[in-house]
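Listed below are the residues making up each chain.
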Amino acid sequence: QVQLVESGGGLVQAGGSLRLSCTASGSIFSINAMGWYRQEAPGKQRELVAVITSGGSTNYADSVKGRFTISRDNAKNTVALQMNSLKPEDTAVYYCNAGDSGPPFDYWGQGTQVTVSS
C-alpha cells in the first residue's frame, strides 16, 4: 500500500499563485508516475491536471498549460504542483494520484481544497 498526503491548498485571489505538495510513503517501489487530479464538485468527474513519470516526462491538461508546473523529487518521494496565474475556474479539490499503470493510478490522497476568488 501507498499513502499520499497533500498540503498547500488554500484561498487565493485570481492571478495569484499556490504550490501544492504530496508526499508518498509505504510501498513506494510500486510508484512509477505521480500526478494531480481535480474535482470541481462532489459527483463531477475528476479531471487530470498534470502527471510526471519517474524519468521526468510530463503531461498537462490544456487548461493549465503555461500556468502550472509539476515537479518531482524521487529521493524524497514527493511531487509538487506550482500553480500560477490562477483563475476562478481552477477552484476545485486537488488530489494527488500515484502508482504504476495509469492515469488514473492506483493510489489517491485525501484531497486539498483550492479556492480562487475573482
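Refer to the structure printed above.
1. With respect to the nonpolar core
Leu4, Trp36, Leu81, Met83 and Tyr94 are the most contacted members of the largest nonpolar core, which has 28 residues in total. Residues contacting Leu81, with those up to four places away along its chain left out, are Leu18, Arg19, Leu20, Trp36, Val49, Ala50, Phe68, Thr69, Ile70 and Tyr94.

2. Some remarks on the pairing of strand 1 (residues 2-7)
Here strand 1 shows a buried face lined by Val2, Leu4 and Glu6 and an unburied face lined by Gln3, Val5 and Ser7. As paired elements, strand 1 and strand 3 (residues 18-26) share six bridges and run antiparallel to each other. Along strand 3, the bridge assignment pairs Val5 with Thr23.

3. A look at the packing of aromatic side chains
Applying the stated rule across the entire model yields two aromatic pairs. When the ring of Tyr95 is compared with that of Trp108, the centres are 6.3 Å apart and the planes differ by 85°; the resulting orientation is edge-to-face. Of this pair, Tyr95 sits in strand 9 (residues 92-99) while Trp108 sits in strand 10 (residues 107-108), and the two are 13 residues apart along the sequence. The structure contains a cluster of three or more aromatic residues connected by ring pairs, namely Tyr37, Tyr95 and Trp108. The ring of Tyr95 carries Arg46 above its face, with NZ or CZ at 3.6 Å from the centroid. The lysine or arginine in question, Arg46, covers the ring of Trp108, its NZ or CZ lying 4.6 Å from the ring centre.

What counts, and where the lines are drawn
Residue positions are counted from 1 within each chain, in the order its sequence is given. For this predicted model, a pLDDT threshold of at least 70 governs which residues receive local features, and a threshold of 80 or more governs which side-chain atom pairs are given and counted, while totals over whole chains, interfaces and linings are taken from all residues. Computation of side-chain values: all heavy atoms of the structure, hydrogens and water removed. Grouping buried Ala, Val, Leu, Ile, Met, Phe, Trp, Tyr and Cys residues that are joined through side-chain atoms within 4.5 Å yields what is termed a nonpolar core. Accessibility here uses a 1.4 Å probe with only protein chains present; expressed as a share of the type maximum, an area under 20% marks a residue as buried, one over 50% as exposed, and anything in between as partly exposed. Residue contacts are counted whenever heavy atoms from the two residues lie within 4.5 Å of one another. Where helices and strands are cited, they refer to DSSP runs of H or I of at least four residues and of E of at least two residues respectively, numbered from the N terminus. Two strands pair if DSSP finds at least two bridges between them. Ring pairs shown here join Phe, Tyr and Trp side chains whose ring centres sit within 6.5 Å, with only the six-membered ring taken for Trp; geometry is labelled stacked below 30 degrees between planes, edge-to-face above 60, and tilted in between. A ring has a charge above it when a Lys NZ or an Arg CZ is no more than 6 Å from the ring centre and no more than 35 degrees off the ring normal.

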